[in-house]
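Topology and contacts: notes
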Amino acid sequence: DAKTTQPNSMESNEEEPVHLPCNHSTISGTDYIHWYRQLPSQGPEYVIHGLTSNVNNRMASLAIAEDRKSSTLILHRATLRDAAVYYCILQGDDYKLSFGAGTTVTVRA
Amino acid sequence: KAGVTQTPRYLIKTRGQQVTLSCSPISGHRSVSWYQQTPGQGLQFLFEYFSETQRNKGNFPGRFSGRQFSNSRSEMNVSTLELGDSALYLCASSLGGTGRQSDGYTFGSGTRLTVV
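Residues numbered from 1 in each chain as written. Chains lettered and ligands numbered in written order. Predicted model: local features only at pLDDT ≥ 70, side-chain atom pairs only at ≥ 80, totals over all residues. Heavy atoms only, no water.

**So, the pattern of salt bridges**
Residue and element names in this part refer to chain A.
- Under the criterion given, the structure shown has 9 salt bridges over all chains.
- A salt bridge links E11 to R108; its shortest N-O distance comes to 2.1 Å. Residue E11 is located in strand β1 (residues 9-13), and its partner R108 is located in strand β9 (residues 103-108); the two are separated by 97 residues in the primary sequence.
- Using a relative accessible area of 36% as the deciding quantity, one classes R108 as partly exposed. (Salt bridge = Lys/Arg side-chain N within 4 Å of Asp/Glu carboxyl O. Helix = DSSP H or I, 4+ residues; strand = E, 2+ residues; numbered from the N terminus. Buried < 20%, exposed > 50% of the residue type's maximum accessible area, 1.4 Å probe, protein only.)

**Let's talk about the side chain of E48(B)**
- Counting through the fold element by element, E48(B) comes out in strand β5 (residues 42-50).
- What makes E48(B) buried here is its relative accessible area of 0%.
- Side chain to side chain, E48(B) and R55(B) meet in a polar contact 2.7 Å long.
- Contacts of E48(B), omitting those with residues within four sequence positions, involve Y95(A), S31(B), V32(B), S33(B), T53(B), Q54(B), R55(B) and N56(B). (Polar contact = N/O pair within 3.5 Å; in protein donor to acceptor, adjacent residues only side chain to side chain. Contact = heavy atoms within 4.5 Å.)

**Looking at the side chain of T4(A)**
Residues and elements named next belong to chain A.
- By the element assignment, T4 lies in the segment before β1.
- In this structure the side chain of T4 is engaged in a polar contact, spanning 3.0 Å, whose partner is the backbone oxygen of C88.
- For T4, the residues in contact, after removing those within four places along its chain, are C22, N23, H24, C88, I89 and L90.

**Comments concerning the nonpolar core**
- Grouped together as the largest cluster of nonpolar side chains are 21 residues, with contacts concentrated most on W34(B), L46(B), F64(B), M76(B) and Y89(B).
- In terms of nonpolar packing, the next biggest core, distinct from the first, is built from 20 residues, I27(A), I48(A), A60(A) and V107(A) among them. (Core = buried A, V, L, I, M, F, W, Y, C linked by side-chain atoms within 4.5 Å.)

**Comments concerning the state of the cysteines**
- Per the counting criterion, the structure on display carries 2 disulfides over all chains.
- At a sulfur-sulfur separation of 2.1 Å, the disulfide partner of C22(A) is C88(A). Across the S-S bond of C22(A) and C88(A) the torsion is about -80 degrees, and the bridge reads as left-handed. Of this pair, C22(A) sits in strand β2 (residues 18-23) while C88(A) sits in strand β8 (residues 84-91), and the two are 66 residues apart along the sequence.
- The class for C22(A) is buried, based on a relative accessible area of 1%.
- On the basis of relative accessibility, which here comes to 0%, the residue C88(A) falls in the buried class.
- Two residues, C23(B) and C91(B), share a disulfide whose sulfurs are 1.7 Å apart. Disulfide C23(B) to C91(B): torsion about the S-S bond roughly -50 degrees, handedness left-handed. (Disulfide = S-S within 2.5 Å.)

Interpretation in functional terms is not warranted from these geometric data alone.
Right, here's the structure in full:
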């Protein structure tokens with residue numbers, strides 16, 4: 001499985017942007033980059049995904065490097081409800097999501 | 001629209017017993033995946049079904065099995081339960097499909113299984 005590397009934790013202040021980096025140097029040409037987040041006692045929640053181009057949705061933006069070996073999830077204005085574990089995942093042709101340890105995001109009021 | 005529904009939410013079983021967990025996907029979703037989450041191993045892929053066929057399987061022993069019905073609902077079964085099977089079992093659904101387009105997965109809240 002292609003692997004991703006994320007920082008263990010990040011802190012942010014409320015209403016400030018959060019940039020979550022992810023390295024995936026062994027990504028293949030057909031792997032999609034997915035981001036999910038998980039709040040305590042809940043299942044993971046889909047955030048965003050992309051292949052080559054940057055993507056935006058109501059929750060976040062995904063910036064993908066030109067060589068696709070890294071990506072950044074951007075939360076434009078963090079709220080207390082954004083405190084969660086964020087997972088960067090590569091999805092290949094086998095339809096499965098291989099989760100790593102993720103980044104624990106703490107938001108300070 | 002209704003989300004992914006997993007039943008039961010909590011379950012306590014004894015070693016050696018078997019258990020069946022149920023997952024109802026979002027209406028129109030044809031792909032259902034199962035994951036096991038433990039504090040030590042994190043989230044691990046069990047298997048994925050699409051149109052009643054298993055498309056991929058993770059590295060779990062044969063005691064873990066699943067199936068999908070014609071209405072896309074899915075069940076997973078664990079036989080001869082071991083203490084180490086205690087975990088949160090999560091189901092995720094997506095539109096699926098056979099093209100190279102990918103879509104997001106919607107997860108249920110999970111079934112918390114405790115084996116004593």
